[in-house]
Amino acid sequence: MRKRLLWVLAFAALTLLLGACSGDLPQNTFDPAGPTAQKQKDLLMPVLWVAAAVFVLVEGGIVLIALKYRHRKGGDDRLPPQVHGNTRLEIGWTIAPAVVLAFVMVPTVGMIWELAERPADAMHITVKGYQWWWGFEYTDPDMVVSYGQGGPIVVADTMVVPAGRTVDLSIESAGGLVGGDDPDFRVAHSFWAPRLFGKQDAMPGRTNHIVFAADEPGTYWGQCAEFCGLQHARMRFRIVALDEADWRAWVENEKQPAVEPTDPLAKQGMDLFLNGVSGGGQCTACHSVGGTNATSPAGPNLTHFAAPEHECFAGCNWDTTDVEALRAWLHDPPGVKYGSKMPNYNLTDDEIDALTAYLLSLT
Amino acid sequence: MASVSVPAPGGGILRRPTATTGFWSWFTTVDHKKIGLLYGVTSFVFFLIGGLEALLIRAQLYQPNGTVLNEAQYNQIFTMHGLTMVFLFVMPMSAAFFNYLIPLMIGARDVAFPRLNAFSFWAFILGGLFLYSSWFLGGAPNGGWFGYPPNSVTDPSIGMTFYALGLLITGVASTAGAVNLAVTIINMRAPGMSLFRTPVFVWMGLVVQFLLAFSLPIITVGLFQLLFDRRWDTAFYDPVRGGDPILWQHLFWLFGHPEVYILVLPAFGIISEIIPVFSRKPLFGYQFVVFSGIAIGFIGFGVWAHHMFAAGLGPVANTAFGVSTAIIAIPTGVKIFNWMATMYGGDLRFGSPMLFSVGTVTMFVIGGLSGVTHSVVPSDYQQTDTYYIVAHFHYVLFGGAIFGLFAGMYFWWPKVFGRMLNERAGKIHFWIMIVGFNLTFGPMHVLGLGGMIRRSATYPEGLGLTGWNQISSVGSFMIGLAVLVFIVNAIASFRRPKGLENEDPWDARTIEWTTSCPPPEHNFDEIPVITSVDEFWHRKYAVDKEGRPVRVPAGAAPAQEEAHGPAHAIHLPSPSYWPLVATIGLPIIGYGVLYSWWLVGAGAVVLLVGLYGWALEPSVAE
């Protein structure tokens, strides 16, 4: 009975492991898409095999002992031999695990140092964790915008990188006053894109680093992994890796200020965005749009909100192409993302139409 | 026959209560057995509450974008689940076992400081109630049991202030209890019971008390700083004003990792008693089991930063703590091998206590193996803060600690209540629980490696992990069912008349079984003289001509040499009101910190009155 059950359990465990290696799992750590995640997986695999061997030996041993020495009905009721111990065995099973662990730890220690190296030729992006979304600043000198003070390219929710290029991320916690008495605090976050790299925390007051590259163009999912308050669960992001040509085009577009809309509805939306909505709310209190007088750094930068690489918005919970989701968001942000720092400005349907048109014109 | 004497009244200004039976006697008792029962019942109620919280979590995560709870509720519930299970169930349930059994196992009549023992219990339950009162006073703690600042400081709800104060109060309880039990074990063992004739359960108890005594001050410092940051705007954890949030992480985990061993070593002690009894063999390698427990205690203080590998401590620290994390697996492995060797060649009887003990070993092995993978630091960057970790520590703390505690409940139930639990129901309980447990927590390995973060109120459908979450949720309700079976079994046992056919139902090895079931208030008529480990067993068995032990016929046992002469007066501590009075001051001070300095003053007065009453009451009842 017990044996069969354990076999069932072992089989179930194996199926689980196999299951993890297949199917469409956008955050699967066993499906690396870059050298950093690959190294982290390669380091783990032999350890898992050793663990599996130990598991089989120990659990199998327990099951065998339990079967062999179980008391049978009508069996010998005399006491078994009273063995008190065996020092050689004790020393043996103290040393044996130590040897196994030594074999595990040598490559581990090497890899700790290897992953801590920061190559000089990497491109640099500063990652900032806010409550509850990620912002990205391209700090290399060739990544400055052509308008305003000529600061770095700033985007939110999707981090765009050139495929194959090594990127050195500086991970920080950020925050600022959003809407009066509801401050957006600097709290700890953790930046994690499982298929590309393991996580590092965004600790207030310090800067941590992740060095990674995406082997192929594509979209890679990630999210905040350190509990950071109410909407920790919905603090997501994506990394979009582009081939060299697309990358150059993206950079050129990002350097430009936002396009002035020509469509009258979008124009009306721009007016609402820059000058306030009917309830008195000011979008510009938190958001910036390059080339306009909206320059607040508190919320996501919307300069190229509708660029195709900017796949998602509001903590990367909805696709930018999902107009209904965008309308629902503008209608009542804390209603669809509980506790969101973006207030409900009680927009009218007409205002939502206009603002949606404006946002979607920002390619 | 010994009699309970009434020595001449001592000096004092206030009378002591005398009742040792009846409802009110439970509030004044200083009897370690009654206090053990109070701990056990209270912590089991908290277990049920924490379990309901777990079921709510699993109901919410049954499907993507779950709507059972909103984020605010979810964060409170997962925080309270962790706090409840750690501080209000496993710790006090272990304290229940320690309180009840240690004096009986070392041949003492009570703990060293009986009134301090009562004080510990009342501080624990009042601390727990204080923590839970937050639900009605503006919201429960919502920053996780780990309470990381700045989030735990800046969060606008009142919950994390309750967290800091509540844990400070239960910390008082645990500290007092730790000192009390450590002194008891060191000073009050029966004649002849050298430390290496002490049962392994008592040894693990000793290690745990030292772990508590050394680790609780660390979290206390952290909690005070957190409280001051929240309540009086200090800047211990505010980097803008020169503080550092990572300081909390060090303080918390320097407590928090020994805490893991505080939670699991009692269960290790329990199964180290049960496996030999049900194998009908002595524990294999007694001294190695004891020393590995001590080693775990020491090394347990040197691994804390493996909870912080992704915090950016740098490669030197990560290397050091990676290696120490691997090393702690060694003494843990030694224990596993010794339990296996104890069973090897034995005459194994799979009663419920044995089933739960073997369950503890097999499940803990899984948790231990996944624990070793955390020492592989670069891959831990992937695993930390995911469900892989949730899987790992539930295999350690549920598979290890809670299975072990259930083993202990089945084993000592007849000792404590004079009634047997139903064996058949016990086996049903075990099999439902172990299957439900593996269905709940096994898939969490996959969830974590597949990219699901912990402490996440929900997850998107696109994550591709809905199926595993559903298996896990179904499993969790099986665990709930198993606990129900246990509750029915427990209640049913009380419907049968008290009294055992055999006062030694398991053919046990240690001297608590030389007393009646339940034991008399004074435990032992005569304090036994100890001549070996497994003293009681050696009194029952002699060695035959072939060198095999055979049972000595009843009544033929050689007369035991006793510590004292025949019939003499037994001094038992008298009940007291004052520990309860003193502890009532603690939550009042807590509410005062939240609401008013006047309440702080009132609470301090109550506490002082309690302590003075305690100091000045006569030494015995008049």
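The structure displayed is predicted, hence computed values, not measured ones.

The rules behind the values
- Residues numbered from 1 in each chain as written.
- Chains lettered and ligands numbered in written order.
- Predicted model: local features only at pLDDT ≥ 70, side-chain atom pairs only at ≥ 80, totals over all residues.
- Helix = DSSP H or I, 4+ residues; strand = E, 2+ residues; numbered from the N terminus.
- Rg over C-alpha atoms; globule rule 2.2 N^0.38 Å.
- Buried ≥ 20, exposed ≤ 12 C-beta atoms within 10 Å, placed from the backbone.
- Contact = placed C-beta atoms within 7 Å.
- Bend = angle between axes of the 7 residues up to and from the residue.
- Axes fitted to C-alpha atoms, helices over the stretch in contact; angles between N-to-C directions.
- Parallel < 35°, antiparallel > 145°, perpendicular 65-115°, else oblique.
- Left-handed = near helix turned anticlockwise from the far one by under 90°.
- Nonpolar A, V, L, I, M, F, W, Y, C, P; charged D, E, K, R; others polar.
- Pairing = 2+ DSSP bridges.
- Domains from an automatic or database assignment.
- pLDDT = per-residue confidence, 0-100.
- Core = buried A, V, L, I, M, F, W, Y, C linked by C-beta atoms within 7 Å.

## Focus: the overall build of chain B
Alright, step 1. When its secondary structure is counted, chain B shows 19 helices and 4 strands.
Alright, step 2. Here the C-alpha atoms of chain B give a radius of gyration of 25 Å, agreeing with the 25 Å that 2.2 N^0.38 yields for 622 residues.
Alright, step 3. Counting every position in chain B, which comprises 622 residues, the buried fraction comes to 60%.
Alright, step 4. In chain B, 82% of the contacts between residues at least 6 apart in sequence involve partners at least 24 apart.

## Things to note about helix α14 (residues 387-417) of chain B
Alright, step 1. Along its length, α14(B) shows its largest kink, about 45°, at Phe411(B), and proline Pro414(B) lies within four residues downstream of that point.
Alright, step 2. Of all 31 residues in α14(B), 29 are buried; the element is thus mostly enclosed.

## Focus: the packing of helix α7 (residues 200-232) of chain B against helix α9 (residues 286-299) of chain B
Residue and element names in this part refer to chain B.
Alright, step 1. Viewed as axis vectors pointing N to C, α7 and α9 meet at an angle of 10°, and their least axial separation amounts to 10 Å. What the angle tells us is that α7 and α9 run roughly parallel. Considering only the axes of α7 and α9, their crossing is right-handed. Each of Val200, Trp203, Met204, Val207, Phe210 and Leu211 in α7 lies in contact with α9, whose residues at this interface are Tyr286, Val289, Val290, Gly293, Ile294 and Gly297.

## Details of the interface of chain A and chain B
Alright, step 1. Contact residues are listed per partner, giving 83 residues for chain A and 81 residues for chain B.
Alright, step 2. If you list the elements that add at least two residues to the side of chain A that touches chain B, you get α1 (2-20), α2 (35-68), α3 (87-116) and β9 (197-202) of chain A.
Alright, step 3. At 16 residues, the largest contribution of residues to the side of chain A that touches chain B is made by α3(A).
Alright, step 4. In terms of residue class, the side of chain A that touches chain B is built from 49 nonpolar, 23 polar and 11 charged.

## What about the pairing of strand β1 (residues 123-130) of chain A?
Residue and element names in this part refer to chain A.
Alright, step 1. Two elements, β1 and strand β5 (residues 167-173), share 7 bridges in a ladder whose sense is parallel. Looking across to β5, one finds that Gly129 is bridged to Ser173.
Alright, step 2. Here β1 folds back onto strand β2 (residues 133-138), and the loop between the two strands holds 2 residues.

## Quick word on the domain arrangement of chain B
All names here are of chain B.
Alright, step 1. When the domains of chain B are assigned, the result is domain 1 (1-30 + 577-622) and domain 2 (37-573).
Alright, step 2. For domain 1 and domain 2, the distance between their C-alpha centroids amounts to 29 Å.
Alright, step 3. With 22 residues of domain 1 in contact, the opposing surface of domain 2 contributes 25 residues.
Alright, step 4. Of all elements in the fold, only β1 (3-4) and α18 (578-595) reach the threshold of two or more residues within the side of domain 1 that touches domain 2.
Alright, step 5. It is α18 that provides the largest number of residues to the side of domain 1 that touches domain 2, a total of 11 residues.
Alright, step 6. Broken down by class, the residue content of the side of domain 1 that touches domain 2 amounts to 16 nonpolar, 6 polar and no charged.

## Structural notes on the packing of helix α12 (residues 352-374) of chain B against α14(B)
All names here are of chain B.
Alright, step 1. Contact pair α12 / α14: the axes reach a minimum separation of 8 Å and the direction vectors enclose 165°. With respect to α14, the element α12 is oriented roughly antiparallel. With respect to the hand of their crossing, α12 and α14 are arranged in left-handed fashion. Taken together, the residues of α14 that come into contact with α12 (itself represented by Ser352, Pro353, Phe356, Ser357, Gly359, Thr360, Met363, Phe364, Ile366, Gly367, Ser370 and Gly371) are Ala391, His392, Tyr395, Val396, Gly399, Gly400, Phe403, Gly404, Phe406, Ala407, Tyr410 and Phe411.

## A closer look at the confidence of the model for chain B
All names here are of chain B.
Alright, step 1. Summing up the model confidence of chain B, the mean pLDDT is 93 and the portion of residues at 70 or higher is 95%.
Alright, step 2. Between the elements of chain B, mean pLDDT differs from a low of 46, seen in β1, to a high of 98, seen in helix α2 (residues 32-60).
Alright, step 3. Note that residues 1-12 has pLDDT below 50 and, in this model, 25 contacts with residues that lie over four places away or in other chains.
Alright, step 4. Here residues 561-566 is modelled with pLDDT under 50, and outside its nearest four sequence neighbours on either side it reaches 10 contacts, counting other chains as well.

## Digging into the nonpolar core
Residues and elements named next belong to chain B.
Alright, step 1. Judged by nonpolar contacts, the single largest core of 288 residues is most densely connected at Val90 and Val264.
Alright, step 2. For this core, the leading source of residues is helix α3 (residues 71-106), giving 23 residues.
Alright, step 3. Contacts of Val264, omitting those with residues within four sequence positions, involve Val396, Leu397, Gly400 and Ala401.

## Examining the sheet that holds β2(A)
Residues and elements named next belong to chain A.
Alright, step 1. Strand order in this open sheet of 5 strands is β3-β2-β1-β5-β10, and the pairing throughout is mixed. The two strands at the open ends of the sheet, each matched to only one other strand, are β3 (153-156) and β10 (208-212). Going from strand to strand, the sheet's axes swing by 25° on average, the running direction of each strand aside.
Alright, step 2. With 6 bridges joining them, β1 and β2 adopt antiparallel strand pairing. Its bridge partner lying in β2, Gly129 is registered against Trp134.

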